[in-house]
Amino acid sequence: PFLMEIAEDGTAHGVLFLNSNAMEVVIRPFSLTFRSIGGVLDVYLFMGPSPAKVVQQYTELVGRPYMPPYWTLGFHQCRWGYESLDVVKDVVHKYKEAQIPLEAMWVDIDYMDGYRIFTSDPVTFPAQEMKEFSEDLRRGGQHMVVIVDPGVKVDTEYSIYQALTDDPSMCIRDPATLTCAPNSVWPGDSVWLD
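In this report, the structure presented in the accompanying data block is examined.

### Quick notes on the side chain of Asp-155
By secondary structure assignment, the location of Asp-155 is in the loop between β9 (151-153) and α4 (159-166). Separated by 2.8 Å, the side chains of Asp-155 and Arg-116 make a polar contact. In this view, Asp-155 contacts Arg-116 and Tyr-161; residues no more than four positions away in its chain are not counted.

See the structure below:
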């Protein structure tokens, strides 16, 4: 936690109690107590003397915030269950028709071929049409974001899965066997890139 105290005369100081363990902070009228269950304790004091200087000193340590691309702060549409690219195009068209701003259209994992990452369904989300649609959106000042989930479908005919089984050092491994550790998610049995 980070705390800044501003005195009645406008001067300020700050304290950063940096610890990755569970902790409790108790604030009372004339005291402040930090309690942690363990770990490395790093305490930083920021002497100010103004609130602006405290923030400047704090962000010098932890990193300065940045302004993300303007479009990322706007209106976005995302939903699982769009059955085809035509449905996605229709959603974008209806936003325009209703004069609702739309900076980004997200396409969930429906676009994948059998939920295999780095693929698109050749019938419902043809790759070339996806590219053209993305370019059309871009020309109109909009963006398309496709969701890429890290689960790699267990499928011996799938080249990405095959590459992971050939070199299991690229995936999260079972410590006992040092092979890719499968688990079940949206495509069924999957392994994860590491």
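There's more to say after this.
### So, the packing of aromatic side chains
Per the stated rule, a full pass over the model turns up four aromatic pairs. A centroid spacing of 6.0 Å and a plane angle of 65° characterise the contact between Phe-2 and Phe-46, whose relative ring orientation is edge-to-face. Of this pair, Phe-2 sits in strand β1 (residues 2-6) while Phe-46 sits in strand β5 (residues 42-46), and the two are 44 residues apart along the sequence. Members of the aromatic cluster, each reached through a chain of ring pairs, are Phe-2, Phe-46 and Tyr-58.

### Re helix α1 (residues 51-62)
Taking 1.5 Å as the rise per residue, α1 with 12 residues should run 16 Å; its terminal C-alpha atoms sit 17 Å apart, in good agreement. Count one or two residues on from α1 and you reach Gly-63, which has phi positive near 115°.

What counts and how
- Residues numbered from 1 in each chain as written.
- Predicted model: local features only at pLDDT ≥ 70, side-chain atom pairs only at ≥ 80, totals over all residues.
- Heavy atoms only, no water.
- Helix = DSSP H or I, 4+ residues; strand = E, 2+ residues; numbered from the N terminus.
- Polar contact = N/O pair within 3.5 Å; in protein donor to acceptor, adjacent residues only side chain to side chain.
- Contact = heavy atoms within 4.5 Å.
- Phe/Tyr/Trp six-rings, centres within 6.5 Å; stacked < 30°, edge-to-face > 60°.
- Expected span 1.5 Å × (residues − 1).

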